[in-house]
Amino acid sequence: LYRKAAPTTLPTFLLIGPSGAGKTAFLTLAERKAVAQTHTSTAPLTIQALLPDGHTPSSSHYRSPGDPAYERSRRFLLVDTPGHGKLRHFATSRLANPSNVRGIVFVVDAASVAEEPGLNETAAYLHDVLLALQKRYTGAKTSKGPKEIPVLIAANKMDLFTALPPNLVKLQLEKAISEVRKSKAKGLKDSGVAIGAEDDGLDEEREWLGEGGEGSFEFGQMEEAGTGVVVKGGNVVGGNGVHVGDWFEWIADLL
Ligand code: GTP
Ligand code: MG
């Protein structure tokens, strides 16, 4: 019998985040091991990348480098998406159908989240990405639920003296997402009253990110929606050299 070769479905990682955060710079680095000049992206871009030396895919911990299975497990796809507000449908459509997506790298400019308007812009986008993941998880038809998709918040541009350290990036974003959540709920309520919708209560629940109640949002609340969120600092371009090892380590753990 004639048998076709198995389709190559490499583990895929999506690069998402606001414009100017450094997604394409990271993609370029992962592809060519060198950073090149980037321009704001207007279309998505997929490349095949190889986990750099010094990182071991979690599935290959008991294999040695050079073993074909080891080498195969180092391969993955990186998908860059445009961050401009009018071009985010590329990212959201991938989120709506995330086959083969092993994880999401949400790239953040750690200097721009120190203040407005960068903080709110970043938080609003991250809120929407997390809500999409939450809806996918809680809306799953099967009892097993869909595969979990973890999120790495890559706090980029640590070389800048205005960059916040990763723990503060985390706190700033949690605080700002709490605000986004609150104002979104209020908007829904107001529009529900306006059209007299009867199921607005249900809608509000579906659109609420994380735990209900008056408390503030914390990334830990996403665990219940199958989404672990971690923040790790790095810099793709840099004065004292490139530092993206923690991000590749996060990817390695998922390979
Ligand atoms: P969009 O395509 O518009 O969504 O943006 P992007 O996230 O792809 O940003 P891009 O990779 O094009 O980077 C934007 C700018 O930030 C470029 O000028 C990069 O050189 C710069 N940049 C990226 N990473 C770093 C970093 O770690 N440190 C510093 N100082 N600059 C960086
Ligand atoms: Mg880009």
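Note that this is a predicted model, so its numbers are computed, not measured.

Conventions adopted
Residues numbered from 1 in each chain as written. Chains lettered and ligands numbered in written order. Predicted model: local features only at pLDDT ≥ 70, side-chain atom pairs only at ≥ 80, totals over all residues. Heavy atoms only, no water. Helix = DSSP H or I, 4+ residues; strand = E, 2+ residues; numbered from the N terminus. Contact = heavy atoms within 4.5 Å. Areas by Shrake-Rupley, 256 points an atom, 1.4 Å probe, with all protein chains shown as cover. Polar contact = N/O pair within 3.5 Å; in protein donor to acceptor, adjacent residues only side chain to side chain. Phe/Tyr/Trp six-rings, centres within 6.5 Å; stacked < 30°, edge-to-face > 60°. Buried < 20%, exposed > 50% of the residue type's maximum accessible area, 1.4 Å probe, protein only. Near = heavy atom within 4 Å. Nonpolar A, V, L, I, M, F, W, Y, C, P; charged D, E, K, R; others polar. Donors = N, O, S within 2.8 Å, 3.2 Å for Na, K, Ca; no water.

Describing the overall build of the chain
Argument step 1. Across its full length, the chain holds 7 helices and 6 strands.
Argument step 2. Each helix (α) and strand (β) of the chain, taken in turn from the N terminus, gives the series β-α-β-α-β-α-β-α-β-α-α-β-α.
Argument step 3. Considering only intrachain contacts with a sequence separation of at least 6, the fraction spanning at least 24 residues in the chain is 76%.
Argument step 4. Carbon and sulfur atoms form 53% of the exposed surface of the chain, whose accessible area is close to 13,900 Å².

Concerning the environment of T40
Argument step 1. Tracing the chain through its elements places T40 in the loop between α1 (23–32) and β2 (45–50).
Argument step 2. Between the alpha carbons of T40 and S19 there is a distance of 7.1 Å; along the sequence they are 21 residues apart.
Argument step 3. Side chain to side chain, T40 and S19 meet in a polar contact 3.5 Å long.

Some points on the side chain of Q221
Argument step 1. Its location among the elements puts Q221 in the loop between α6 (200–206) and β6 (229–233).
Argument step 2. Within the structure, Q221 has its side chain in polar contact with the backbone oxygen of S216 (distance 3.0 Å).
Argument step 3. What Q221 contacts, discounting residues up to four positions off in sequence, is R181, G210, E211 and S216.

Structural notes on the packing of aromatic side chains
Argument step 1. The final tally for this structure, using the stated rule, is 6 aromatic pairs.
Argument step 2. Here F13 and F76 contribute two aromatic rings whose centre-to-centre distance is 5.6 Å and whose plane-to-plane angle is 85°, an arrangement assigned as edge-to-face. Of this pair, F13 sits in strand β1 (residues 12–16) while F76 sits in strand β3 (residues 75–80), placing them 63 residues apart in sequence.
Argument step 3. What makes F13 buried here is its relative accessible area of 0%.
Argument step 4. Taking 6.2 Å as the distance between ring centres and 65° as the angle between the ring planes, the aromatic pair formed by F13 and W250 counts as edge-to-face.

Points about the site of ligand 1
Argument step 1. As a matter of local geometry, ligand 1 sits amid 20 residues, with S19, K23, T38, T40 and G83 nearest to it.
Argument step 2. Within the side chain of N156, one N or O atom sits 3.0 Å away from an oxygen atom of ligand 1.
Argument step 3. V236 is positioned such that a nitrogen or oxygen atom in its backbone is 2.8 Å from an oxygen atom of ligand 1.
Argument step 4. Out of a free accessible area of 650 Å², ligand 1 has 84% covered by protein chains.
Argument step 5. Tallying contributions element by element places α1 first for the shell around ligand 1, with 3 residues.
Argument step 6. The residue inventory of the shell around ligand 1, partitioned by class, reads 7 nonpolar, 10 polar and 3 charged.

Thoughts on the coordination of the magnesium ion (ligand 2)
Argument step 1. Coordination of the magnesium ion (ligand 2) by the protein comes from T24 (OG1) and S41 (OG), over a distance range of 2.0 to 2.1 Å. Taken as a pair, T24 in helix α1 and S41 in the loop between α1 and β2 lie far apart in primary sequence, 17 residues in all.
Argument step 2. Exposure remark for T24: the relative accessible area of 18% places this residue in the buried category.

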